[in-house]
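What follows is each chain in one-letter form.
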Amino acid sequence: MIYTVTLNPSIDYVMAVPDYISGATNRAQTTNAYPGGKGINVSRILEANHINNQAWGFLGDIPVLLSQQHYNI
């Protein structure tokens, strides 16, 4: 079992903009929000390689287990 710790988790916001034009008004076709941070990203890669792991982090000043159901790790 590998444990990862993310001291300051983030939300990575990704937008797909087809036919992007610099300086023009562009509209996103799709948007997605993903949990981010070094430990979360490492856990995501470990999970993709079928390696048993748990991602831990802090929400405010409370340590929590960042579960796969809530964060899609």
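It should be emphasised that the depicted structure is a prediction, and the values quoted were computed from it without experimental measurement.

1. Structural notes on a nonpolar patch on the surface
So, step 1. Together, Met1, Tyr3, Val5, Leu7, Trp56 and Phe58 line one region of the surface with nonpolar side chains, adding up to about 630 Å² of accessible area.
So, step 2. Taken together, the elements giving at least two residues each to the nonpolar patch come down to β1 (2–6) and β4 (53–59).
So, step 3. Looking at the element boundaries, Val5 is found in strand β1.

2. With respect to helix α1 (residues 38–48)
So, step 1. Burial in α1 covers these residues: Gly39, Ile40, Ser43 and Leu46. The arc that holds the buried residues of α1, viewed along the axis, is 120°, so those residues lie on one side. Of the exposed residues in α1, those oriented more than 90 degrees away from the buried face are Lys38, Ile45 and Ala48.
So, step 2. Remark: His50 follows α1 within two positions and exhibits a positive phi of approximately 60°.

3. Overview of unusual backbone geometry
So, step 1. In the Ramachandran plot, Asp19 falls in the positive-phi region, its phi being about 55° despite a non-glycine side chain.
So, step 2. Residue placement: Asp19 occurs in the loop between β2 (10–16) and β3 (30–36).
So, step 3. Even without glycine at this site, His50 takes up a positive phi of about 60°.
So, step 4. Of note, His50 is situated in the loop between α1 and β4.
So, step 5. Given a relative accessible area of 75%, His50 falls into the exposed group.

Scoring rules and cut-offs
Residues numbered from 1 in each chain as written. Predicted model: local features only at pLDDT ≥ 70, side-chain atom pairs only at ≥ 80, totals over all residues. Heavy atoms only, no water. Patch = residues over 30% accessible without salt bridge, like charges linked within 9 Å, V, L, I, M, F, W, Y side chains within 5 Å. Areas by Shrake-Rupley, 256 points an atom, 1.4 Å probe, with all protein chains shown as cover. Salt bridge = Lys/Arg side-chain N within 4 Å of Asp/Glu carboxyl O. Helix = DSSP H or I, 4+ residues; strand = E, 2+ residues; numbered from the N terminus. Buried < 20%, exposed > 50% of the residue type's maximum accessible area, 1.4 Å probe, protein only. Arc of directions from axis to C-beta.

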